[in-house]
Amino acid sequence: MSISPAPPYASFADLEREALACTRCPLAATRTQVVFGAGDAGADLMFVGEGPGEQEDATGVPFVGRAGQLLTTLIEGIGLSRAEVYIANVVKCRPPGNRDPQPLEIDACRPYLEAQVGFIRPKVIVTLGNFATKLLLDTKVGITKLRGQEFAYGADAVLVPTLHPSAVLRTGGRNIADSRADFVVAKRALARAAAAGAGG
Ligand code: URA
């Protein structure tokens, strides 16, 4: 996946309107609501998770459960707030019972994520876990081999894979330190992009 030059929607609001009414895959039948994304649609830093869980499905907001609390802490740990970044998911509707999203569901939802990235044009994308990393980097390599490294994304963005906060919560310890380190990598990439943008 790469940054599309012109998303096929007139505006970000049009994109959101279409996504909120989506029936492209079977998840539409079991969701409570579509979890489109949240934050600043002009952000330089974007996070991409896997898919909504129970609390996200109930509220319509990504990453509000326990994993979300950890994500918020990690974002604040690099001096930013959730309002200053954009947070989205690979699939916008909850897979029942929090099962993995299926290939058909990922394919159906992919144009929404591509268009989100196309409108936002973030300078740095942090992929949270295997699903987002494999989709955006078009790779089969697992997250533990890729995390904390910088990859070119499109013409001028940088992608930094990190562990999914749910996985970090399950295993704790060392993984929390790894996550913090990965967020610092993203923060440095952001600072470099800002300096380049300022002509420095
Ligand atoms: N896990 C995700 O991948 N996304 C959410 O929005 C919440 C939990």
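A brief look at the structure comes next. (Residues numbered from 1 in each chain as written. Predicted model: local features only at pLDDT ≥ 70, side-chain atom pairs only at ≥ 80, totals over all residues. Heavy atoms only, no water.)

Here helix α4 (residues 66-77) crosses helix α9 (residues 174-197) at 50°, and the two axes come no closer than 9 Å. In terms of orientation, α4 lies oblique with respect to α9. Classified by chirality, the crossing of α9 by α4 is right-handed. The residues of α9 that touch α4, namely those facing L71, L74 and I75, are S179, R180 and F183. The residue makeup of the contact of α4 with α9, split by class, is four nonpolar, one polar and one charged. (Axes fitted to C-alpha atoms, helices over the stretch in contact; angles between N-to-C directions. Helix = DSSP H or I, 4+ residues; strand = E, 2+ residues; numbered from the N terminus. Parallel < 35°, antiparallel > 145°, perpendicular 65-115°, else oblique. Left-handed = near helix turned anticlockwise from the far one by under 90°. Contact = heavy atoms within 4.5 Å. Nonpolar A, V, L, I, M, F, W, Y, C, P; charged D, E, K, R; others polar.)

A few words on the sheet that holds strand β3 (residues 86-89). Within a beta sheet, neighbouring strands are joined by backbone hydrogen bonds and run either parallel or antiparallel to one another. Strand order in this open sheet of six strands is β1-β3-β2-β4-β6-β5, and the pairing throughout is mixed. The open sheet has two edge strands, β1 (38-39) and β5 (151-153), and neither has a second partner. Pairing analysis gives two bridges linking β1 to β3, with the strands arranged antiparallel. Looking at the pairing, A38 lines up with I87 of β3. (Pairing = 2+ DSSP bridges.)

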